[in-house]
Amino acid sequence: MTAAISRVGLVAKQRVEAAAGVLLELAQWLEARGIRPVFESDTSDLASAVGRWETTSKEDLPKACELIVLLGGDGTLIGMARRIARADVDVPIAGVNFGSLGFLTEITLDELYPSLEAVLDGTAPIENRMMLHARTLRDGSAFADEIVLNDVVITKAALSRIIDLAVCIGDDEVMRVRADGLIVATPTGSTAYNLAAGGPIVQPVVDAVVLTPIAPHMLTNRPLVVTDTSAVSVAPDMNGNDEVFVTFDGQSGHALRSGDVVRIERATRPLRLVRSANRSYFDVLRQKLKWGAR
């Protein structure tokens, strides 16, 4: 951090009662250092902090502070990352794990205050995590516009048949995927749905995009890693009975129509993620997935 921090946003996973006491203690800790806590509205209700400190909406929080401290799981952090991207700001986020896995919210409760001290004195490790900008083009115009941290997924409905997808990198047709769907993931998202579908683990600092077919019908359909400068276009080849959907980080999405094209490229800004100083990315893999264990 190069700029002084005067306001810190506080947000917690909804209905996590255990976070209430931590939030109140944290707000007082910040005040004692001359820093104003700004509560997200639902988080203020959770901590019974209404009227004691400033509150704002989830959408407005990224522009109301210079740092966000989040208590929750990876899903909560992904949702806030998307809001930071939509706000077009560079505010970093420190995720404190109150969930079950915690690839992104890797700071433990015991590490909360040492991590914040490191952020305030400018020594905290802050990692840039690439995000993707996805647009659905319909009749030549943008029908949907999203920014994701993990992945864009094009998939069939529960009762649909296998779907056909034409995949292009720039102007080059790269492959036709005949499968249940396709995952286009960032390195951060490589340990999410991509990993479950048999895709590779990619270190988050690598500038790459991963394309992984979901349950492919052909042995020749295999995961593909391409440069982050690649513009990926996915067009479903649909007939009247096909139902195809696109989802963004598993948090939003819509149905696709014949002729639609989903265009995906690197977002302008990365997410700035405060890392734990006590473990590396590979330590997290070993801890969370037993990766590399014998």
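Residues numbered from 1 in each chain as written. Predicted model: local features only at pLDDT ≥ 70, side-chain atom pairs only at ≥ 80, totals over all residues. Heavy atoms only, no water.

**Q** I'd like a description of the sheet that holds strand S6 (residues 126–129), backed by residues and values.
**A** Across the sheet, which stays open at both edges, the 7 strands sit in the order S3-S2-S1-S4-S5-S19-S6 with mixed pairing between neighbours. For this open sheet the edge positions go to strand S3 (54–56) and S6, each flanked by a neighbour on one side alone. Each adjacent strand pair in this sheet contributes to an overall mean axis angle of 30 degrees, direction not counted. Pairing between strand S2 (residues 36–40) and S3: 3 bridges, direction parallel. Pairing of Val-38 across the sheet is with Glu-54, part of S3. (Pairing = 2+ DSSP bridges. Helix = DSSP H or I, 4+ residues; strand = E, 2+ residues; numbered from the N terminus. Axes fitted to C-alpha atoms, helices over the stretch in contact; angles between N-to-C directions.)

**Q** Tell me about the side chain of Thr-43, and please be specific about residues and values.
**A** With respect to the element layout, Thr-43 can be found in helix H2 (residues 41–46). Owing to a relative accessible area of 1%, Thr-43 belongs among the buried residues under this scheme. Residue contacts for Thr-43: discarding those within four places in its chain leaves Leu-10, Val-11, Ala-12 and Leu-23. (Buried < 20%, exposed > 50% of the residue type's maximum accessible area, 1.4 Å probe, protein only. Contact = heavy atoms within 4.5 Å.)

**Q** Go over a nonpolar patch on the surface with me, naming the residues and quoting the values.
**A** The grouping of Ile-201, Phe-282, Leu-289 and Trp-291 at the surface amounts to a nonpolar patch, some 310 Å² of accessible area in total. Here Ile-201 is to be found in the loop between helix H5 (193–196) and strand S13 (208–214). In this structure Ile-201 comes out as partly exposed when scored by relative accessible area, which is 30%. (Patch = residues over 30% accessible without salt bridge, like charges linked within 9 Å, V, L, I, M, F, W, Y side chains within 5 Å. Areas by Shrake-Rupley, 256 points an atom, 1.4 Å probe, with all protein chains shown as cover. Salt bridge = Lys/Arg side-chain N within 4 Å of Asp/Glu carboxyl O.)

**Q** Got a sec to walk through the packing of helix H1 (residues 19–32) against helix H4 (residues 112–120)? Specific residues and values, please.
**A** Relative orientation of the contacting elements H1 and H4 amounts to 30 degrees, with a least axis distance of 12 Å. Here the hand of the crossing between H1 and H4 comes out right-handed. Contact with H1, carried on its side by Val-22, Glu-25, Leu-26 and Trp-29, involves Leu-112, Tyr-113, Leu-116, Glu-117 and Leu-120 of H4 and no other residues of that element. (Left-handed = near helix turned anticlockwise from the far one by under 90°.)

**Q** Outline the packing of aromatic side chains, supporting the account with residue identities and numerical values.
**A** One pass over the full model with this rule turns up 3 aromatic pairs. Look at Tyr-281 and Phe-282: their rings are 5.6 Å apart centre to centre, the planes differ by 75 degrees, and that puts the pair in the edge-to-face class. Residue classification places Phe-282 among the partly exposed residues on the basis of a relative accessible area of 31%. If you follow Arg-138 out to its NZ or CZ, it ends over the ring of Phe-143, 3.9 Å from the centre. (Phe/Tyr/Trp six-rings, centres within 6.5 Å; stacked < 30°, edge-to-face > 60°. Lys NZ or Arg CZ within 6 Å of the ring centre and 35° of its normal.)

**Q** Before we move on, can you summarise the nonpolar core with the specific residues and values?
**A** Counting 31 residues, the largest nonpolar core has Leu-10, Leu-23 and Val-69 as the members making the most contacts within it. Listed by contribution, the elements that provide at least two residues to this core are strand S1 (7–12), H1, strand S4 (67–72), strand S5 (93–97) and H4. Here this core takes 7 residues from H1, the largest share from any one element. Of all hydrophobic cores here, the second largest spans 27 residues; its members include Ile-163, Leu-165, Val-244 and Phe-248. (Core = buried A, V, L, I, M, F, W, Y, C linked by side-chain atoms within 4.5 Å.)

**Q** For the sheet that holds strand S12 (residues 181–185), give the residues involved together with the corresponding values.
**A** Within a sheet, adjacent strands bond to each other through the backbone by hydrogen bonds, running parallel or antiparallel. As summarised here, the arrangement of the 6 strands in space is S14-S13-S12-S9-S16-S17, forming an open sheet in which the pairing is antiparallel. Because the sheet does not close on itself, it has two edges, and the strands there are strand S14 (224–227) and strand S17 (252–256). Within this sheet the neighbouring strands show an average axis-to-axis angle of 15 degrees, counted without direction. For strand S9 (residues 151–156) and strand S16 (residues 244–248), the ladder comprises 5 bridges, and the chain directions are antiparallel. When the sheet's bridge partners are listed, Thr-155 is paired in S16 with Phe-245.

**Q** Describe in detail unusual backbone geometry, supporting the description with residues and values.
**A** Both trends apply: most residues other than glycine have a negative phi, and most peptide bonds are in trans. One non-glycine residue, Asp-139, lies in the positive phi region at around 55 degrees. Look at Ala-215: it is not a glycine, yet its phi comes out positive at around 45 degrees. With respect to the element layout, Ala-215 can be found in the loop between S13 and S14. Taking the relative accessible area as the measure of exposure, Ala-215 reaches 46% and is therefore partly exposed.

**Q** Could you give me a rundown of the pattern of salt bridges, with the residues and numbers involved?
**A** A pair can form between side chains of opposite charge whenever their charged atoms are brought close. The tally for this structure, following the rule as stated, stands at 23 salt bridges. Measuring nitrogen to oxygen at the nearest pair gives 2.7 Å for the salt bridge that ties Glu-54 to Arg-36. In this pair, Glu-54 sits in strand S3 while Arg-36 sits in strand S2, placing the two residues 18 residues apart along the sequence. The partly exposed category is assigned to Arg-36, whose relative accessible area is 45%. Two residues, Arg-176 and Asp-237, come together in a salt bridge whose shortest N-O distance is 3.4 Å. You can see Arg-176 sitting in strand S11 (residues 172–179) and its partner Asp-237 sitting in strand S15 (residues 232–237), a full 61 residues away along the chain. By relative accessible area, which is 42% here, Arg-176 ends up partly exposed. The class for Asp-237 is partly exposed, based on a relative accessible area of 46%.

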